There are 6 protein chains.
Amino acid sequence: MGWDDIMKEEVFYSKGMKYIKEDYPDLYKLSVDINEVAYTGKALDYKTQKLIALGITAAMSDDRAVEKQILSNMQEFGVTKDEIMDVLRVVMLIAGKPAFMKGVNILYSIEE
Amino acid sequence: MGWDDIMKEEVFYSKGMKYIKEDYPDLYKLSVDINEVAYTGKALDYKTQKLIALGITAAMSDDRAVEKQILSNMQEFGVTKDEIMDVLRVVMLIAGKPAFMKGVNILYSIEE
Amino acid sequence: MGWDDIMKEEVFYSKGMKYIKEDYPDLYKLSVDINEVAYTGKALDYKTQKLIALGITAAMSDDRAVEKQILSNMQEFGVTKDEIMDVLRVVMLIAGKPAFMKGVNILYSIEE
Amino acid sequence: MGWDDIMKEEVFYSKGMKYIKEDYPDLYKLSVDINEVAYTGKALDYKTQKLIALGITAAMSDDRAVEKQILSNMQEFGVTKDEIMDVLRVVMLIAGKPAFMKGVNILYSIEE
Amino acid sequence: MGWDDIMKEEVFYSKGMKYIKEDYPDLYKLSVDINEVAYTGKALDYKTQKLIALGITAAMSDDRAVEKQILSNMQEFGVTKDEIMDVLRVVMLIAGKPAFMKGVNILYSIEE
Amino acid sequence: MGWDDIMKEEVFYSKGMKYIKEDYPDLYKLSVDINEVAYTGKALDYKTQKLIALGITAAMSDDRAVEKQILSNMQEFGVTKDEIMDVLRVVMLIAGKPAFMKGVNILYSIEE
């Protein structure tokens with residue numbers, strides 16, 4: 001998977017949210033609000049919270065959501081490969097090796 | 001739930017690991033190794049990794065494991081209530097409101 | 001488990017939300033908003049949406065959350081035992097027998 | 001993803017069940033029975049039960065199973081986009097935003 | 001937790017199924033059928049299948065269901081502590097350390 | 001999906017582990033150790049443990065991990081289609097029909 005595919009993924013994802021904005025404004029507003037309240041930590045900085053979000057996503061969710069989280073961590077916060085790997089170390093401990101390998105494979109496929 | 005119950009929980013938990021140490025030394029060794037490799041991040045500090053562990057546990061696991069994670073975050077790293085609440089904010093976003101409320105209730109029951 | 005225990009559970013739960021209201025007003029507001037947007041369906045009525053919430057909770061969550069959902073379905077909407085059992089039938093199909101039995105046991109322990 | 005891909009998915013799915021019918025008749029019979037008992041609600045109608053099934057699937061399962069549930073809801077019961085979105089509202093509340101977005105993206109990719 | 005509590009758990013569980021038998025005979029019949037078809041393997045013996053059931057339950061479910069599976073493995077098939085620990089080894093690999101520790105603690109609390 | 005795609009999957013997967021070996025030798029070593037300790041059962045044989053691993057993976061994980069487990073069961077241990085189906089029977093019982101169908105479809109797509 002190269003950057004082209006990733007960009008296609010991004011478009012795929014953004015489309016869903018764009019449609020929501022047009023068709024279900026109350027859901028769109030909540031969707032923005034929930035992000036804002038979730039990420040406006042009183043004690044932790046935004047980057048730490050995004051790393052936590054990545055950890056939970058890698059433990060629970062499918063490829064697309066994990067890829068999206070890794071990309072947004074890297075692009076918005078300059079999170080490095082080593083930092084993402086440190087998140088994935090915890091994923092191995094708490095959620096097992098298949099969840100860890102899923103994250104590893106997505107990380108390296110983005111890097112290529 | 002007060003400190004007495006929590007201490008009983010702690011004993012309940014430690015017993016399992018104590019028995020493993022005696023009966024299955026290879027599993028005990030792995031269990032120590034996996035914690036060490038998971039938490040010896042190359043790029044993130046230990047406290048950030050523990051917060052990530054708490055986030056994943058709150059999203060996925062039952063009451064006991066969540067309580068144990070909150071206690072170890074507070075006691076070993078001086079993590080504050082506000083910092084834990086910042087982790088739980090992300091849990092609400094990624095894993096939904098029941099997982100969030102479970103964490104909130106455990107946090108406040110510990111505090112009392 | 002009788003009504004006394006259930007009432008204790010209710011108090012246990014409400015406490016968490018009461019504290020959130022005092023300590024984290026932004027989270028409390030979001031928590032109210034997300035319920036409102038989630039349950040203000042444009043096409044389905046509130047009761048149907050609550051039954052869906054029960055189905056998902058029974059498939060995913062621990063005893064306390066399931067019990068809370070069953071109680072709120074029964075008390076706020078007059079949902080009957082047979083209707084709850086019809087939700088649990090779908091839980092068996094989609095999420096397996098342990099999730100189904102968990103729901104059944106909670107339902108009957110409330111009834112007693 | 002257009003209708004062509006969806007039809008291919010359908011064929012992919014049906015194949016599995018067709019083979020089961022030939023190779024494991026006892027499993028096939030159970031598979032039919034479990035659907036019948038699950039969906040012959042005593043108190044809720046079939047459509048409500050299918051909406052519950054969609055909610056649980058969207059909260060727990062991968063893309064293919066969610067797509068299949070959305071299609072069967074739409075084709076067999078004339079469930080509308082707004083009704084599906086009302087199910088997904090509950091998914092956001094109970095299972096978090098990634099599960100919600102997965103459902104939204106699949107719904108809109110079918111619509112196109 | 002000693003044998004008394006476990007027996008109480010057993011009664012708690014059996015009650016649910018007893019009520020189902022009386023109130024929802026179609027569900028009871030399916031519940032028996034699904035066990036029979038699941039465990040009448042064509043190629044694996046019953047004990048191996050029960051060990052697999054324990055593995056999945058330990059990876060996914062709450063304390064009660066895990067305890068019930070361990071008890072039924074031990075009582076019906078004479079499964080030993082070492083064999084259960086071998087299942088839990090795989091649980092650690094695939095589902096992470098909290099799921100493993102949950103199983104370990106239940107196993108040792110039964111033993112006492 | 002034919003053998004060509006499966007081989008591509010295999011390469012995709014192996015790449016991740018190859019990179020880990022080069023970039024994070026401590027994680028690679030742990031990754032080998034955890035497999036060794038997990039699968040060196042004291043009481044169950046390796047093949048039985050691999051079948052348990054497949055059961056848990058089919059209940060919890062995405063397509064790629066399930067496919068990888070089925071392939072490694074077949075190629076390393078000569079596990080037959082009937083034996084895999086016996087694992088999937090238990091998956092239906094404990095984890096529900098979508099998880100079962102996911103396994104069935106992957107199994108038959110490999111066979112073709």
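Numbering of residues begins from 1 in every chain and follows the order in which that chain's sequence is written. As they are written, the chains are lettered A onward and the ligands numbered 1 onward, keeping that order. Since the coordinates come from a predicted model, pLDDT governs what is reported: local features require at least 70, and pairs of side-chain atoms require 80 or more to be given and counted, while whole-chain, interface and lining totals use all residues. The side-chain numbers reported here are obtained from all heavy atoms of the structure, hydrogens and water having been left aside.

On to the overall build of chain A. Each helix is a run of DSSP H or I of at least 4 residues and each strand a run of E of at least 2, with the numbering of both proceeding from the N terminus. Scanning chain A from N- to C-terminus turns up six helices and zero strands. Helices (α) and strands (β) of chain A occur, in sequence order from the N terminus, as α-α-α-α-α-α. Only protein chains enter the accessibility calculation, which uses a 1.4 Å probe. A residue is then buried if its area is under 20% of the maximum for its type, exposed if over 50%, and partly exposed in between. For chain A, with 112 residues in total, the buried portion stands at 62%. Note on contacts: a residue pair is in contact if any heavy atoms of the two residues lie within 4.5 Å. A sequence separation of at least 24 residues applies to 56% of the contacts in chain A between residues at least 6 apart. For chain A, the exposed area adds up to about 4,100 Å²; of that, 53% sits on carbon and sulfur atoms. Accessibility throughout is a Shrake-Rupley quantity obtained with a 1.4 Å probe, and a residue counts as covered only by protein chains that appear here.

Right, let's get into the relation of the copies chain D and chain B. In summary, the two copies of the chain are related to each other by a rotation about an axis coupled with a shift along it. Copy-to-copy alignment: least squares on C-alpha atoms, limited to residues at pLDDT 70 or above in both. With an RMSD of 0.0 Å, chain D superimposes on chain B once it is rotated by 180° and translated 0.0 Å along the axis. What we have between these two chains is a two-fold relation. Ranked by how close their C-alpha atoms come to the rotation axis, the residues of chain D are headed by Gly96(D), at 1.9 Å. A shared binding surface is used by both copies, with 100% of the interface residues of chain D retained as interface residues in chain B.

Opposite charge on two side chains permits them to pair, given that their charged atoms come into close proximity. We define a salt bridge as a side-chain nitrogen of Lys or Arg found within 4 Å of a carboxyl oxygen belonging to Asp or Glu. Taken as a whole, this structure holds 42 salt bridges over all chains when the rule is applied. Arg64(C) is paired through a salt bridge with Asp63(B); the nearest N and O atoms lie 2.8 Å apart. Of this pair, Arg64(C) sits in helix H4 (residues 63–77) while Asp63(B) is found in helix H4 (residues 63–77), placing the two residues in two different chains. Owing to a relative accessible area of 29%, Arg64(C) belongs among the partly exposed residues under this scheme. What you see here is one network of salt bridges that share partners, running through Asp23(A), Lys81(D) and Glu111(D).

Another aspect to go through is the packing of helix H3 (residues 46–60) of chain B against H4(B). Residue and element names in this part refer to chain B. Here an axis means a line fitted to C-alpha atoms, over the contact stretch when the element is a helix, while the angle between two N-to-C directions is reported on a 0 to 180 degree scale. At a minimum axis separation of 9 Å, H3 and H4 run at an interaxial angle of 165°. Taken as axis vectors, H3 and H4 run roughly antiparallel relative to one another. Handedness of the crossing formed by H3 with H4: left-handed. Along its contact with H3, which presents Tyr46, Lys47, Lys50, Leu51, Ala53, Leu54, Thr57 and Ala58, the element H4 presents Ala65, Val66, Gln69, Ile70, Ser72, Asn73, Glu76 and Phe77. Between 65 and 115 degrees an angle is taken as roughly perpendicular, under 35 as roughly parallel, over 145 as roughly antiparallel, and anywhere else as oblique. Handedness of a crossing follows from how the near helix is turned relative to the far one, being left-handed for an anticlockwise turn of less than a right angle and right-handed for a clockwise one.

With that settled, the discussion passes to the relation of the copies chain B and chain A. Least-squares fitting of chain B to chain A yields an RMSD of 0.0 Å, with the transformation described by 0.0 Å of translation along the axis and a rotation of 180°. Looking at chain B, 100% of its interface residues are interface residues in chain A too, so the copies touch through the same face.

Our focus in this paragraph is the packing of aromatic side chains. Two rings from Phe, Tyr or Trp (for Trp, the six-membered ring) form a pair when their centres are within 6.5 Å of each other. A pair whose planes differ by under 30 degrees is stacked, one over 60 is edge-to-face, and the rest are tilted. As enumerated under the stated definition, the model contains 18 aromatic pairs over all chains in all. Centroid distance Tyr39(E) to Tyr46(E): 5.2 Å. Interplanar angle 45°. Geometry classified as tilted. We call a charge positioned above a ring when the Lys NZ or Arg CZ atom is no farther than 6 Å from the ring centre and deviates by at most 35 degrees from the ring normal. Between the NZ or CZ atom of Lys18(C) and the centre of the ring of Tyr19(C), over which it lies, the distance is 5.2 Å.

With seven residues of chain D in contact, the opposing surface of chain B contributes seven residues. Interface of chain D and chain B: buried area, both sides summed, is about 430 Å²; carbon and sulfur atoms make up 64% of it. The largest contributions to the chain D side of the interface with chain B come from Leu93(D), Ile94(D) and Pro98(D), which together make up 62% of the buried area. Taken together, the connections running from chain D to chain B amount to zero salt bridges. What qualifies as a polar contact is a pair of N or O atoms within 3.5 Å, subject to a donor-acceptor requirement within protein and to the restriction that residues adjacent in sequence count only when both atoms come from side chains. Linking chain D with chain B are two residue pairs in polar contact (both at pLDDT 80 or more). Within the residue set of the side of chain D that touches chain B, elements represented by two or more residues are helix H5 (81–95) and helix H6 (97–111) of chain D. In this count, Pro and Cys sit with the nonpolar residues alongside Ala, Val, Leu, Ile, Met, Phe, Trp and Tyr, while Asp, Glu, Lys and Arg are called charged and the others, Gly among them, polar. Across the side of chain D that touches chain B, the residue classes tally to five nonpolar, one polar and one charged. Throughout, buried area stands for the accessible area (probe radius 1.4 Å) lost by two parts on being put together, summed over both.

Each partner contributes to the interface: chain B provides 31 residues, whereas chain A provides 31 residues. Note on chain B versus chain A: buried area summed over both sides is about 2,800 Å², and carbon and sulfur give 75% of it. On inspection of chain B and its partner chain A, the count reaches zero salt bridges. On the surface where chain B and chain A come into contact, there are ten residue pairs in polar contact (both at pLDDT 80 or more). If you list the elements that add at least two residues to the side of chain B that touches chain A, you get helix H2 (25–39), H3 and helix H5 (81–95) of chain B. Tallied by class, residues from the side of chain B that touches chain A come to 18 nonpolar, eight polar and five charged.

This brings us to the environment of Tyr19(B). Of note, Tyr19(B) is situated in helix H1 (residues 3–23). Sequence spacing of Tyr19(B) and Arg64(B) is 45 residues, and the spatial spacing of their C-alpha atoms is 19 Å. Beyond its immediate chain neighbours, meaning those up to four positions away, Tyr19(B) contacts Tyr24(B), Tyr108(E) and Glu112(E).

Let us now look at helix H2 (residues 25–39) of chain A. Expected span of a helix, by definition, is 1.5 Å for each gap between consecutive residues, and there is one gap fewer than residues. If you check H2(A), its first and last C-alpha atoms are 21 Å apart, about what 15 residues at 1.5 Å a residue would give, namely 21 Å. Here H2(A) has its buried residues at Leu27(A), Leu30(A), Ser31(A), Asp33(A), Ile34(A), Val37(A), Ala38(A) and Tyr39(A).

Closest axis-to-axis distance for the H2(A)/H5(D) pair is 12 Å, and the angle between their directions is 15°. By the angle class used here, H2(A) and H5(D) are roughly parallel. In the crossing of H2(A) with H5(D), the sense of the turn from one axis to the other is left-handed. Side by side, H2(A) and H5(D) meet where Asp26(A), Leu27(A), Leu30(A) and Ser31(A) of the first sit next to Met85(D), Arg89(D) and Met92(D) of the second.

In this section: the side chain of Ser31(B). As for its position among the elements, Ser31(B) is in helix H2. Those residues in contact with Ser31(B) that lie beyond four places of it in its chain are Met17(B), Met92(E) and Lys97(E).

Attention shifts here to the environment of Leu44(D). Relative to the helices and strands, Leu44(D) resides in the loop between helix H2 (25–39) and helix H3 (46–60). Note on Leu44(D): relative accessible area 9%, which makes it buried. Once the C-alpha coordinates of Leu44(D) and Ile106(D) are considered, the two residues, 62 residues apart in sequence, prove to be 27 Å apart. The contact partners of Leu44(D), leaving out residues within four places of it in the chain, are Leu51(C), Glu83(C), Asp86(C), Val87(C), Gln49(D) and Ile52(D).

Residue and element names in this part refer to chain A. Mean pLDDT over chain A stands at 85; residues scoring 70 or higher make up 88%. On a scale of 0 to 100, pLDDT captures the predictor's confidence in every residue. Within chain A, helix H5 (residues 81–95) carries the highest mean pLDDT (93), whereas helix H1 (residues 3–23) carries the lowest (65). Scoring the predicted complex yields pTM 0.87 and, for the interface, ipTM 0.84.

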